[in-house]
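# An overview of the molecular structure
In case you want the letters, here they are:
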Amino acid sequence: MRWLWIDRIVSLEPGQRLVAIKNVSMAEDHLHDHFAADEASGRPASPIMPASLIVEGMAQTAGILVGHTGAFREKVILAKVSNATLEADATPGTTLRYEAELKSFDTVGASCQGVVSLIDPVAPGEATAIGQIDLVFSHLDQNRAGLAFPDHNFVFGPSFKMILEQSGIDLPAE
Amino acid sequence: MTHDEVFEKVREVLVDALAVDDDEVLPGATLTGDLGAESIDFLDIVFKLEQAFGIKIAQGELFPDNVSQDPEFVQNGVVTPKGMEALKERLPHADFTKLEADPKITNVGEIFTVDALVKFCERKLSAAA
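Residues numbered from 1 in each chain as written. Chains lettered and ligands numbered in written order. Predicted model: local features only at pLDDT ≥ 70, side-chain atom pairs only at ≥ 80, totals over all residues.

## Here we look at helix α2 (residues 39–53) of chain B
For α2(B), built from 15 residues, the straight-helix expectation of 21 Å at 1.5 Å per residue is met to within 8% by its first-to-last C-alpha distance of 22 Å. Buried positions along α2(B) lie against β3 (76–86), β4 (95–105), β5 (109–119) and β6 (127–139) of chain A together with α1 (3–18) and α5 (114–128) of chain B. Count one or two residues on from α2(B) and you reach Gly54(B), which has phi positive near 65°. (Helix = DSSP H or I, 4+ residues; strand = E, 2+ residues; numbered from the N terminus. Expected span 1.5 Å × (residues − 1). Contact = placed C-beta atoms within 7 Å.)

See the structure below:
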């Protein structure tokens, strides 16, 4: 399994906003544990996307926005989940829509506000907002004076480049 | 903006950034000791103050940069007199009472009280006016 919790970037306004989607699929193993049927109590299986992975999906969405704003020169690390509220479950067959807005950006880090919406293919034109996730990112090399990290950008590796390319987003020049 | 209005906005920022209750944010409360702020919270607080007051805060302007890495300023885990002077010059808004009484570098967070943030914002606002 790859640690990719978005499938595609659907729009990018550089330095301002990035929207990505994630299709929730019954083929994902973790949904069969979250939550499995309980024979003892007779409770049926209830596959729902774990909230922690929805936060990760927003972190990847917002992290790419922050990384893109800095031309992917910085190692962008999630430093703080300022706020996370979710009011509905994402079940297999639905699509999560992550919209991240850049609120602050400077040399040491950035902050983003994110809205999570759910798209049900029964009514594909409507995205229903189900929560908000606000995040603070650190530019790793600017905040850990005296600690050496590898020169290459291990945050934005081949997987993220692949998503950007597949989504038709131009990569900044090296 | 009056002192009380600035205080209220600072209080809102801290309640939001540190998930503390309104009544915990008292003028003399320290950010790290009393309100539980950690290092990354300082970046969050800077961003939120910028938005709340419409000001721009340069890196190191509100909270010091890399003081602990400078051997002239910190020796054996204690802030030197030279370090104390440098901090006071760079951070005129901060409250040095507790740090001067016990100048261990681990106490440096004690200089950042709620009142110090209010003073800092008032100074920024009057400079911009």
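After presenting the structure, the write-up continues.
## Quick look at the environment of Arg43(A)
Residues and elements named next belong to chain A. Assignment of secondary structure puts Arg-43 in the loop between β2 (17–23) and α1 (51–69). Residue classification places Arg-43 among the exposed positions, given that 11 C-beta atoms sit within 10 Å. Among all residues touching Arg-43, those that are not within four sequence positions of it are Ala-37 and Asp-38. (Buried ≥ 20, exposed ≤ 12 C-beta atoms within 10 Å, placed from the backbone.)

## Focus on the packing of α1(B) against α5(B)
Residues and elements named next belong to chain B. Contact geometry of α1 with α5 gives a least axis separation of 9 Å together with a crossing angle of 120°. Accordingly, the angle class assigned to the pair α1 and α5 is oblique. Of the two possible hands of crossing, α1 and α5 adopt the one that is right-handed. Seen from α1, the contacting residues are His-3, Val-6, Phe-7, Val-10 and Leu-14; seen from α5, they are Val-114, Leu-117, Val-118, Cys-121 and Glu-122. Within the contact of α1 with α5, the residues separate by chemical class into eight nonpolar, one polar and one charged. (Axes fitted to C-alpha atoms, helices over the stretch in contact; angles between N-to-C directions. Parallel < 35°, antiparallel > 145°, perpendicular 65-115°, else oblique. Left-handed = near helix turned anticlockwise from the far one by under 90°. Nonpolar A, V, L, I, M, F, W, Y, C, P; charged D, E, K, R; others polar.)

## Here we look at the interface of chain B and chain A
A common measure of how large an interface is: the accessible area buried when the components associate. Listed as interface residues are 10 residues of chain B and, on the opposing side, 14 residues of chain A. Examining the composition of the side of chain B that touches chain A, we find that six residues originate from one element, α2(B), more than from any other. In terms of residue class, the side of chain B that touches chain A is made up of four nonpolar, four polar and two charged.

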